[in-house]
Amino acid sequence: MRRSSTFARQVLLVRVGRRDGDLHPSDLSPTEHRYADRQRRRYGLDRLSRPTLGVDPTLGLDRADIDAVMPVSPAMPPMAQADEARSIPLLPGERTMARRMKFGLVNACTLASLMLGMLAIFLAMQGEVRLAALCLIACVGFDGLDGALARRLGVASPFGAQMDSLADMCSFGLAAPVVVYASLAGSVSTAAAAVACALVAACAAIRLARFNVSPKDGRFFCGVPTTMAAAVLAVTVAIGLPVPGAVLVAGVALLAFAMVSSFPYAKLARLVKLPPWLWLAPVIGALVDIRLTFALIVVGYLVSGPVLWLRQRRTA
C-alpha cells in the first residue's frame with residue numbers, strides 16, 4: 001500500500017481490527033501527526049535530530065533548522081511578520097491639518113471629474129446628448145484643475161496620480177465613447193458606431209496604462225492624451241459639427257489610434273508660449289464660424305504629431 005493513501009489505510013486497519021479484535025491505537029493516530037512524521041522521514045530530519053538542551057523533545061530539532069530544510073511552495077509567498085506590516089500613507093511628508101485639507105481639496109476635484117463622467121453617461125442614456133457633452137467639458141476642466149492644485153499646494157502624491165488615472169478612464173475612456181455613441185444613433189449603422197466607440201475605450205485604457213509606466217517628458221506627449229481626445233469629442237457633439245456620419249465615425253477611429261501612437265504632441269504649456277498673433281487667428285475665426293475653426297484646429301493638432309516625428313527623425 002502506498003504511503004500517500006493514509007485514509008484508505010486507516011479504513012482497512014479499522015476493518016481488520018474489528019474482525020480480528022487486535023487493533024493498535026498507534027495505527028489510528030491523527031492524520032496531521034502521521035503527515036508530519038512522514039515529512040520528517042522524507043527530508044531526513046530524524047537523522048539530523050539529537051537531544052540537546054533547549055530543543056523541542058517531540059521533534060528533536062530547533063524550529064529554525066526545520067524551516068531551513070523544509071520546502072517552500074512557489075505559489076505561496078512567505079507570510080510577513082505582524083510587526084513588519086506597515087500601512088503606506090496616502091499623503092507623504094508632514095501630515096498636518098492644513099496639508100490634509102489641501103490634499104482633500106485636490107482629491108475632491110478628481111472625484112468631481114469622476115461624478116460628472118457618470119452624470120454624462122446617465123444623460124446620454126436619456127437622450128440629453130448635448131448636456132452630456134457639456135458635462136464632459138466640465139470633466140476636462142476638473143481634470144486639469146486637480147493636477148494644477150496638487151503642484152501648487154505641494155500635495156502631489158502617487159495616490160493622487162493613480163486616482164487621476166482611474167477617474168480619467170471613467171470620464172474619458174467610458175463616458176466620452178458613450179456620449180459619442182448616443183450622438184451617432186440614427187445617422188450611421190449601430191455596428192459602425194459601436195466599433196468606433198469601443199476603439200476609443202480600448203485605446204484610452206492602453207494610453208493611460210502606458211503613461212503610468214513610461215518616463216515623463218516635459219515638452220511633448222507620446223500620442224494624443226485622453227483628456228485632449230475627450231475634449232475634442234465633447235466639443236464636436238456640443239457644437240453639432242455638420243459632417244456626414246461616416247466621416248464622424250472615421251474621425252473617432254482616427255482619434256482613437258492617435259492616442260496610442262508614438263507621435264509627439266506638444267503640451268499645453270508649450271502651446272501657451274506661442275506668439276500672441278497665432279492665438280488671434282483662431283479667436284477671429286471662432287467669431288466668424290466656430291465649427292470650421294474648431295475643425296481646422298483639431299486637424300492641425302493631429303497633423304502636428306507626424307510632422308514633429310519626421311522632423312526629429314531627420315535631425316537625429
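Quick notes on the rules
- Residues numbered from 1 in each chain as written.
- Predicted model: local features only at pLDDT ≥ 70, side-chain atom pairs only at ≥ 80, totals over all residues.
- Heavy atoms only, no water.
- Helix = DSSP H or I, 4+ residues; strand = E, 2+ residues; numbered from the N terminus.
- Contact = heavy atoms within 4.5 Å.
- Areas by Shrake-Rupley, 256 points an atom, 1.4 Å probe, with all protein chains shown as cover.
- Buried < 20%, exposed > 50% of the residue type's maximum accessible area, 1.4 Å probe, protein only.
- Patch = residues over 30% accessible without salt bridge, like charges linked within 9 Å, V, L, I, M, F, W, Y side chains within 5 Å.
- Salt bridge = Lys/Arg side-chain N within 4 Å of Asp/Glu carboxyl O.
- Phe/Tyr/Trp six-rings, centres within 6.5 Å; stacked < 30°, edge-to-face > 60°.
- Expected span 1.5 Å × (residues − 1).
- Axes fitted to C-alpha atoms, helices over the stretch in contact; angles between N-to-C directions.
- Nonpolar A, V, L, I, M, F, W, Y, C, P; charged D, E, K, R; others polar.
- 1 Å grid on protein atoms, 1.4 Å probe; cavity = no way out; pocket = protein on both sides within 12 Å on 5 of 7 lines; lining within 4 Å.
- Points joined across faces, edges and corners; volume = space filled by probe spheres on them.

(A) Quick peek at the overall build of the protein. For the protein, the count of helices and strands is 13 helices and two strands. Across the protein, every contact between residues at least 6 apart in sequence was considered, and the portion connecting residues at least 24 apart equals 73%. Of the accessible surface of the protein, which amounts to about 20500 Å², a share of 66% is contributed by carbon and sulfur atoms.

(B) Just the environment of Cys-203, in detail. Relative to the helices and strands, Cys-203 resides in helix α8 (residues 190-213). The buried category is assigned to Cys-203, whose relative accessible area is 6%. Each C-alpha atom of the pair Cys-203 and Leu-255 lies 9.4 Å from the other, and the pair is 52 residues apart in sequence. Each residue touching Cys-203, except ones within four places of it in the same chain, is listed here: Ala-256, Phe-257, Met-259 and Val-260.

(C) Highlighting a nonpolar patch on the surface. Taken together, the side chains of Leu-268, Val-272, Leu-274, Trp-277, Leu-278 and Trp-279 define a hydrophobic patch exposed on the protein surface, amounting to about 630 Å² of accessible area. The set of elements that each furnish at least two residues to the nonpolar patch consists of α11 (268-272) and α12 (276-288). Within the fold, Leu-268 resides in helix α11.

(D) Region of interest: the packing of aromatic side chains. Counted according to the given criterion, the structure contains three aromatic pairs. Ring centres of Phe-263 and Trp-309 lie 5.8 Å apart, and the angle between their planes is 65 degrees; on these two criteria the pair is classed as edge-to-face. Of the two residues, Phe-263 is situated in the loop between α10 (245-259) and β2 (264-266) and Trp-309 in helix α13 (residues 290-315); the sequence distance between them amounts to 46 residues. The exposure class assigned to Phe-263 is partly exposed, which follows from its relative accessible area of 27%.

(E) How the structure looks around α8. Over its 24 residues, α8 runs 35 Å from end to end, which matches the ideal 34 Å to within 8%, given 1.5 Å per residue. All of the buried residues in α8 are Ala-193, Ala-196, Cys-197, Val-200, Ala-201, Cys-203, Ala-204, Arg-207 and Leu-208. Contacts made by the buried residues of α8 are with α7 (158-184), β1 (220-222), α9 (226-239) and α10.

(F) Up close: the packing of α12 against α13. The interhelical angle for the contact between α12 and α13, taken along N-to-C directions, is 145 degrees, at an axis separation of 6 Å. On the side of α12, the interface is formed by Pro-282, Gly-285, Ala-286 and Val-288, while α13 contributes Ile-290, Thr-293 and Ile-297. Considered class by class, the residues forming the contact of α12 with α13 number five nonpolar, two polar and no charged.

(G) Fine view of the layout of surface pockets. Roughly 530 Å³ of internal volume is contained in the second largest pocket. Surrounding the second largest pocket, 23 residues form its lining, Thr-236, Leu-241, Val-243, Leu-248 and Gly-251 being those nearest its centre. Every element with two or more residues in the lining of the second largest pocket is listed here: α7, α9, α10 and α13. For the lining of the second largest pocket, the element with the most residues is α10, which contributes seven residues. Each residue belonging to the lining of the second largest pocket can be placed in one class, and the counts come to 18 nonpolar, five polar and no charged.

Shape is all these values report; function is a separate question.
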